[in-house]
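Coordinate inspection notes
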Amino acid sequence: MCRIGIDVGSTYTKYCVMDESGAIVDLLSERTPIRQKEYFSAKQEKLSQRYGDACIVSCGYGKRNVPGFKNINELTALARGVFYSEPESDVVLDIGGQDTKVILQSDGQLKRFFLNDRCAAGSGAFLANTAALLETEFEKIDLTDAKCPKTRLSSVCAVFAQSEIVELIAENTPAEEIIKAVIWQILVQAKALLGKIGSSSVLLSGGLTRIPGIGQYAQRALECECRVPENGNFLSAIGCALCAADQM
Amino acid sequence: MAQSILQMKSRLLREYYKDFSKYAKGRLPEKKVAWVTAFVPVEILEALDISYYYPESYAAVIAASNAEQPLLSESEAQFLSCDCCSYSCCIEGCLEQEKGPRGVPPKPDVLIATNNQCNTLPTWWNILAERYQVPLIVLDYPGEAVDRALACEYVTKQHRELIARMEKLSGNQLDPAVLSELIANSERSVAEWKKVAACLPGYEIKPTILFDDISFLITSRCKAETAELYRLMREEIEQMPAAGKDKIPVFWLGYPLWYHADRFLSELLEDFRITGSNYVTWWSLDYSGEDAFEKLFQAYNYTFLNLTQETRNKILMELIQNSGAVCAVTLHNKSCKCDFVSAKNISIPQAEIEIDMIDRTFTDMEKAGRQINILKEVICAG
Amino acid sequence: MKLLALSGLIPEQICDVVRFTGGVPGTARDQDPRGTGRSEYARERGVAHYCGYAEDYISAVRQDDTVDGAVFPKSCDSSRIMANYLEDCGKFLYQLNIPARQDELAVEFFAAQLEQYREAVERHFGRTIADVAERTEAVNVRNREIRRAYADLEGVSYRAYLDSIHEMLTRPLSEQVVKKDLPVKKGAGKRVYLVGSFLADTEIAGVIEDCGLTVVGDDLPESGRLAAMPEADPGGELYREIAACVLRGRLSPTQDNFRQILSSDMKEIEEKKADGVIFVTQKYCEPYDYLFSVYKKMLDQRGIPATQITLADSGNERKARLALEAFADVI
């Protein structure tokens with residue numbers, strides 16, 4: 001029986017399929033649907049047809065809509081997934097669609113965590129909305145060799161930041177520069193969270209890890225060593241699959 | 001004359017900072033040390049030969065030295081919310097890292113806080129008390145809304161109790177004649193300062209001088225030389241050219257921006273001239289009364305932020321009228337909601353700007369610029 | 001006469017006040033307890049950095065036609081300046097100075113204040129208040145019942161318990177009955193102690209229980225602090241007794257005595273063997289923000305995990321749920 005971990009994020013749902021030996025068979029990602037209960041019921045059927053019987057554990061925003069064995073907290077899942085993929089990394093900065101979080105894990109156990117209690121200008125949704133406004137595809141964002149942005153946003157509130165961006169557009173600021181400024185702002189806002197854990201080295205996780213060059217860029221913004229794991233977007237899904245294995 | 005003003009300021013500053021770690025270099029203070037909030041009856045402490053320090057003032061110095069950001073971050077890392085007063089965040093970061101442009105103040109033997117300015121300061125003093133494990137004395141000033149006789153009795157009893165406790169701490173006995181003389185010094189300092197502040201509308205001076213030099217009224221008001229310092233300053237100002245009439249007279253309603261070289265948004269106010277400020281009137285305490293205790297009650301119970309809104313409105317309107325200002329820059333200070341509400345009913349056009357007096361990153365300068373431009377258009381159109 | 005009190009620091013013994021428990025008539029939260037509608041007042045005024053609970057109180061006073069007046073303390077910066085936002089509402093307004101000390105001097109002063117408060121109510125509403133002693137005894141009796149219910153906290157649904165207290169406090173004193181038949185708690189989870197200001201959004205209490213946590217004690221003003229309020233002797237120097245009641249029970253951080261709070265809370269946390277502490281605070285509530293910074297240090301020194309949930313206008317429940325679930329896994 002295989003193990004399937006499902007991380008239902010606000011924007012994307014990530015799947016991790018593991019075989020009985022605990023090896024990752026597949027990592028999949030799709031946009032999170034609107035009618036989640038219906039969708040995931042049908043999805044379970046499809047997964048079963050493709051991979052056979054499976055034990056499913058879910059986490060994330062819409063975890064309760066997934067018919068599975070159980071659902072767990074995404075930070076707990078993240079801790080497990082990080083330990084599996086990057087056991088040397090204890091401090092993790094996860095920039096999700098709705099939240100930014102920092103966790104400390106030890107041997108796959110969640111030890112400490114902090115959530116961004118400031119506005120949504122510190123999360124991935126802000127970047128997604130900005131990209132949409134600029135008609136820029138997320139997949140085309142590339143920060144390879146990017147220097148610090150010339151433009152800086154001053155607002156920590158999504159509402160005010162949005163109007164700053166509208167003004168930048170009106171001033172013919174290049175879209176690429178605005179995107180860089182938004183990502184910089186998201187990272188800088190995460191600094192306060194990192195300060196509470198106090199680490200000189202951090203593992204990045206979440207959707208932003210798909211952006212080429214994000215590691216170096218984050219290093220400049222956060223002023224600490226930043227590593228980007230191979231499957232940075234799937235760590236919580238991997239953690240869920242591992243929890244599924246525990247149950248079997 | 002300029003030289004002697006400078007010499008006097010240097011002497012007062014040297015005296016004030018001599019026990020800070022940068023200068024003390026491990027030497028312990030000779031006297032007992034109190035950390036006080038901005039409106040504590042320091043005449044009592046001075047009379048008992050107790051040194052007193054103002055953490056809020058030091059936060060201003062830190063910001064002025066461009067050193068506040070790492071300390072604010074440190075404070076947040078220590079779980080003090082960044083939504084709290086930036087004076088406290090800045091100082092907590094300074095104490096945690098033991099870093100500051102003048103080092104750190106000498107360790108307190110006692111902490112004294114009052115609520116005649118806001119309710120946040122005594123709360124902050126509670127966390128200082130936990131840090132240093134020293135006694136905390138909170139002086140409760142009921143304010144203008146409470147019956148005067150009742151308030152006077154309550155406050156006077158607290159002052160007497162403070163004296164008794166400070167006598168025990170210092171090992172000195174309070175000499176009533178000394179206390180009276182110190183109160184008289186404060187009265188003279190206030191009287192001279194008022195004359196200095198009154199120069200702002202009429203002379204070509206920047207409010208920067210007032211924002212910076214009111215610090216002596218805060219930290220040294222009952223010292224004999226402060227009145228003389230202000231008298232000399234006023235004489236010097238009166239030698240300066242009269243203020244031109246080519247700029248728009250504006251009232252600066254709120255705190256100085258300690259991180260700014262000019263202490264106000266000078267780059268956005270080139271077409272304006274600041275002719276008045278409420279901040280520079282806050283320490284012009286009224287020491288009227290029959291005896292020392294009544295004078296202290298009058299001065300410290302009726303501080304500006306302890307008055308009713310009605311009285312504050314009246315005072316503010318008078319200040320604005322006397323300044324000749326036709327508009328105001330009103331600061332929504334992230335660190336002080338009590339001050340902002342003073343600006344509710346001032347009946348002149350205002351540019352309301354979100355700022356923080358310590359954290360330079362808080363202000364959206366583009367937005368502030370737009371607000372001020374709109375203000376200018378309104379005034380010019382009118 | 002319906003006077004809406006902002007805080008438990010407003011003594012119920014003097015005259016009839018009902019407690020503001022959060023929610024504003026005509027907003028989403030009022031229609032749907034799970035909603036998080038922001039008050040009309042806050043939207044209109046654009047009041048920044050101002051406590052949401054205080055904002056909602058202002059709205060309730062202004063919009064609720066059944067409210068004849070507001071009684072609020074001068075105890076924190078939000079309440080200190082509150083009169084400015086209510087001065088044109090045309091209703092009875094009274095601000096009570098809560099002494100920043102708890103000594104005999106403060107008790108004496110506060111007692112005199114309370115008499116003046118009573119006189120102000122009598123003058124405004126044209127009536128004589130002659131039942132302070134009876135009200136004092138009624139408060140004592142009610143608080144004994146709350147104490148009994150609090151002692152049984154581990155056995156009942158914490159959300160149901162808080163809901164019942166909130167509902168009770170919205171009634172006049174003569175109609176207040178402490179509910180006895182609260183739903184029993186299913187199963188014993190990890191033990192947590194709750195610290196915070198008035199928990200208007202009891203959904204959070206529900207989330208805590210959903211995460212498998214058992215609240216074994218708290219210092220909330222409507223629960224642990226009310227249960228610990230000393231009794232005032234109705235036959236003694238009445239106003240002095242009532243003043244001492246308010247000033248000397250379990251304290252609010254607005255009463256400037258963190259040492260007492262830390263000491264009494266720690267004693268209860270240890271007695272009840274709490275596995276962790278949850279701080280639930282309103283955004284822009286400085287007294288609790290300052291308290292948390294030293295409270296956390298105290299708990300860290302003792303190896304007791306703690307987490308802080310900050311309630312703002314929206315997204316309360318989702319973020320709180322995420323943090324509480326994670327906390328349940330950590331402890």
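Computed from a predicted structure; not experimentally measured. (Residues numbered from 1 in each chain as written. Chains lettered and ligands numbered in written order. Predicted model: local features only at pLDDT ≥ 70, side-chain atom pairs only at ≥ 80, totals over all residues. Heavy atoms only, no water.)

**Here we look at the packing of helix α8 (residues 148–170) of chain B against helix α6 (residues 104–125) of chain C**
In a pair of packed helices, the angle between the axes and the distance between the axes together describe the arrangement. For clarity, the cut-off: Here an angle of 0 to 180 degrees is reported between the N-to-C directions of two axes, which are lines fitted to C-alpha atoms, with helices fitted over the stretch in contact. Strands are runs of DSSP state E lasting at least 2 residues, helices are runs of H or I lasting at least 4, and numbering of each runs from the N terminus. The cut-offs work like this: below 35 degrees is roughly parallel, past 145 is roughly antiparallel, 65 to 115 is roughly perpendicular, and the gaps in between are oblique. By the convention used here, residues are in contact when the closest approach between their heavy atoms is within 4.5 Å. Nonpolar residues are Ala, Val, Leu, Ile, Met, Phe, Trp, Tyr, Cys and Pro. Charged residues are Asp, Glu, Lys and Arg, and all others, Gly as well, are polar.
In contact at an axis separation of 10 Å, α8(B) and α6(C) are set at 175° when each is read in the N-to-C sense. One element, α8(B), and the other, α6(C), form an angle in the roughly antiparallel class. Contact residues: B:L150, B:E153, B:Y154, B:K157, B:Q158 and B:E161 in α8(B); C:L105, C:A106, C:E108, C:F109, C:A112, C:Q113 and C:Q116 in α6(C). In terms of residue class, the contact of α8(B) with α6(C) is made up of 6 nonpolar, 3 polar and 4 charged.

**Looking at empty space enclosed by the protein**
Residue and element names in this part refer to chain C. Put simply, the test is: Both site types are read off a 1 Å grid over the protein atoms alone. A 1.4 Å probe that fits but cannot get out defines a cavity, while an open set with protein on both sides within 12 Å along at least five of seven lines defines a pocket; lining residues have an atom within 4 Å of a point. Grid points are joined across faces, edges and corners, and a volume is the space filled by probe spheres set on the points.
Taken as a whole and assessed by the stated rule, the structure comprises 7 cavities of 30 Å³ or more. By volume, the largest cavity is sized at about 370 Å³. In this structure, the largest cavity is lined by 26 residues; those nearest its centre are S7, Y53, C76, S197 and T254. Elements supplying a minimum of two residues to the lining of the largest cavity: α3 (52–63), α4 (77–80) and α13 (286–301). The biggest single contributor to the lining of the largest cavity is α13, with 3 residues.

**Some points on the nonpolar core**
Filter applied, for reference: Put simply, buried Ala, Val, Leu, Ile, Met, Phe, Trp, Tyr and Cys residues joined by side-chain atoms within 4.5 Å make one nonpolar core. Each residue is assigned to one of three classes by its accessible area relative to the maximum for its type, calculated with a 1.4 Å probe on protein chains only: buried under 20%, partly exposed between the two thresholds, exposed over 50%. All the domain ranges listed were derived from an automatic or database domain assignment.
Core analysis: the biggest nonpolar cluster contains 307 residues, and A:I183, B:I112, C:Y117 and C:Y295 have the highest contact counts within it. The dominant element in this core, judged by the number of residues it contributes, is helix α5 (residues 175–197) of chain A, at 12 residues. Counting contributing residues, this core receives three or more from each of domain 1 (2–77 + 235–247) and domain 2 (89–227) of chain A. Not counting residues up to four positions away in its chain, the partners in contact with A:I183 are A:L127, A:I141, A:L143, A:L208, A:I211, A:I214 and A:Y217.

**Quick word on the sheet that holds strand β3 (residues 110–114) of chain B**
All names here are of chain B. Heads up, the rule is: Strands qualify as paired when DSSP identifies two bridges or more between them.
An order of β2-β1-β3-β4 is seen for the 4 strands of this open sheet, with the pairing classed as parallel. Edge positions in the sheet fall to β2 (51–53) and β4 (136–139), since each has one partner strand and no second. Strand-to-strand twist across the sheet, computed as the mean angle between neighbouring axes with direction ignored, equals 25°. For strand β1 (residues 33–36) and β2, the ladder comprises 3 bridges, and the chain directions are parallel. When the bridges of β2 are listed, W35 appears paired with Y53. Running at roughly 160° to β4, α8 makes contact with β3 and β4 of the sheet.

**A few points about the interface of chain C and chain B**
The parts lose accessible area when they come together, and the size of an interface is often stated as this lost area. Just so we agree on the cut-off: Throughout, buried area stands for the accessible area (probe radius 1.4 Å) lost by two parts on being put together, summed over both. Just to be clear on terms, a salt bridge is a Lys or Arg side-chain nitrogen sitting within 4 Å of an Asp or Glu carboxyl oxygen. Pairing of N or O atoms within 3.5 Å defines a polar contact, subject to two protein rules: one partner must be a possible hydrogen donor and the other a possible acceptor, and residues neighboring in sequence count only if both atoms are side-chain atoms.
Across the contact, 44 residues belong to chain C and 51 residues belong to chain B. Contact between chain C and chain B buries roughly 4000 Å² in total, counting both sides, with carbon and sulfur atoms accounting for 53%. Area buried by chain C at its contact with chain B is led by C:R80, C:R101 and C:Y290, which between them contribute 18% of it. Summed over the shared surface of chain C and chain B, the result is 5 salt bridges. Taking the shortest distance from any N to any O, the salt bridge between C:R259 and B:E130 comes out at 3.1 Å. Seen at the junction of chain C and chain B, the total is 24 residue pairs in polar contact (both at pLDDT 80 or more).

**Remarks on α8(B)**
Since the α-helix advances by 3.6 residues per turn, residues separated by three or four positions end up pointing in the same direction. To keep it simple, the criterion reads: A helix's residues, less one, multiplied by 1.5 Å, set its expected span.
Its 23 residues give α8(B) an end-to-end C-alpha distance of 32 Å, which sits within 8% of 33 Å, the value for a rise of 1.5 Å per residue. Note on α8(B): the residue one or two positions beyond its end, B:G171, has a positive phi of about 80°.

**Let's talk about the confidence of the model for chain C**
Detailed reading of the predicted coordinates is not advisable wherever pLDDT is low. As a reminder of what qualifies: pLDDT measures the predictor's confidence residue by residue and takes values from 0 up to 100.
Taken as a whole, chain C shows an average pLDDT of 90; of its residues, 91% reach a score of 70 or greater. Both scores are available for the predicted complex, with the pTM at 0.91 and the ipTM at 0.95.

**Brief notes about the sheet that holds strand β8 (residues 306–311) of chain C**
Residues and elements named next belong to chain C. Strand order in the open sheet formed by 4 strands is β6-β5-β7-β8, and the pairing between neighbours is parallel. Every other strand in the sheet has two partners, leaving β6 (213–218) and β8 as the edge strands with one partner each. Going across the sheet, the axis of each strand differs from the next one's by a mean of 30°, ignoring polarity. When strand β5 (residues 190–196) meets strand β7 (residues 276–282), the two strands line up parallel, connected through 5 bridges. Opposite Y193, over in β7, you have V277 as the bridge partner. Here helix α12 (residues 258–271) sits on the sheet in contact with β5, β6 and β7, set at roughly 165° to β5.

**Observations regarding the domain arrangement of chain A**
Residues and elements named next belong to chain A. Domain annotation of chain A identifies domain 1 (2–77 + 235–247) and domain 2 (89–227). Counting each side, the surface lost to burial between domain 1 and domain 2 is near 700 Å², with a carbon and sulfur contribution of 65%. Looking at the side of domain 1 facing domain 2, the largest losses of area belong to S10, L75 and L235, adding up to 60% of the total buried there. Across the domain 1-domain 2 interface, the total number found is 1 salt bridge. Note that E74 and K101 form a salt bridge whose closest N and O atoms lie 3.5 Å from each other. Where domain 1 meets domain 2, there are 0 residue pairs in polar contact (both at pLDDT 80 or more). Considering every element that reaches the side of domain 1 that touches domain 2, the biggest residue donor is helix α2 (residues 74–85), with 3 residues.

**Quick notes on α13(C)**
Residues and elements named next belong to chain C. Operational definition: At any given residue, the bend is defined as the angle formed between two axes, one fitted to the seven residues that end at that position and one fitted to the seven that begin there.
Its 16 residues give α13 an end-to-end C-alpha distance of 23 Å, which sits within 8% of 22 Å, the value for a rise of 1.5 Å per residue. F292 marks where α13 bends most, by close to 25°. In terms of residue burial, α13 counts as a mostly covered element, since 13 of its 16 residues are buried. Trailing α13 by a residue or two, G303 shows a phi angle of about 70°, which is positive.

**A few points about the environment of C:L213**
Residues and elements named next belong to chain C. With respect to the secondary-structure elements, L213 resides in strand β6. On the basis of relative accessible area, L213 is assigned to the buried category, the value being 0%. For L213 and V192, which are 21 residues apart along the polypeptide, the C-alpha to C-alpha distance reads 6.6 Å. Here L213 is in contact with K185, K190, V192, I208, I278, L324, A328 and I331, once residues within four sequence places are set aside.

**Focus: the environment of C:E222**
Residue and element names in this part refer to chain C. By secondary structure assignment, the location of E222 is in the loop between β6 and α10 (224–227). Separated by 24 residues in sequence, E222 and F198 have C-alpha atoms that sit 6.5 Å apart. Here E222 is in contact with L162, I165, H166, L169, F198 and L199, once residues within four sequence places are set aside. A polar atom in the side chain of E222 sits 3.1 Å from the backbone nitrogen of L199.

**What to know about the side chain of B:T330**
Residues and elements named next belong to chain B. One can find T330 in strand β7 (residues 327–333). Judged by its relative accessible area of 1%, T330 is buried. Here Q350 takes part through its side chain, which lies 2.6 Å from a polar atom of the side chain of T330.

**Digging into the pattern of salt bridges**
One pass over the structure, following the stated rule, counts 67 salt bridges over all chains. Across the salt bridge formed by A:K180 and A:E177, the nearest N and O atoms sit 4.0 Å from each other. Remark: A:E177 and A:K180 occur in helix α5; sequence separation between them is 3 residues, near one turn of the helix. For the pair A:K180 and A:E177, a shared accessibility class is recorded, and that class is buried. Among the ionic pairs, B:E192 bridges to B:R234, the shortest N-O distance being 3.6 Å. Pair noted here: B:E192 is in helix α9 (residues 176–197) and B:R234 is in helix α12 (residues 224–237), with a separation of 42 residues, a long-range link. Looking at B:R234, the relative accessible area reads 16%, which means it is buried. Connected via shared salt-bridge partners are B:E192, B:K195, B:R234 and B:E238.

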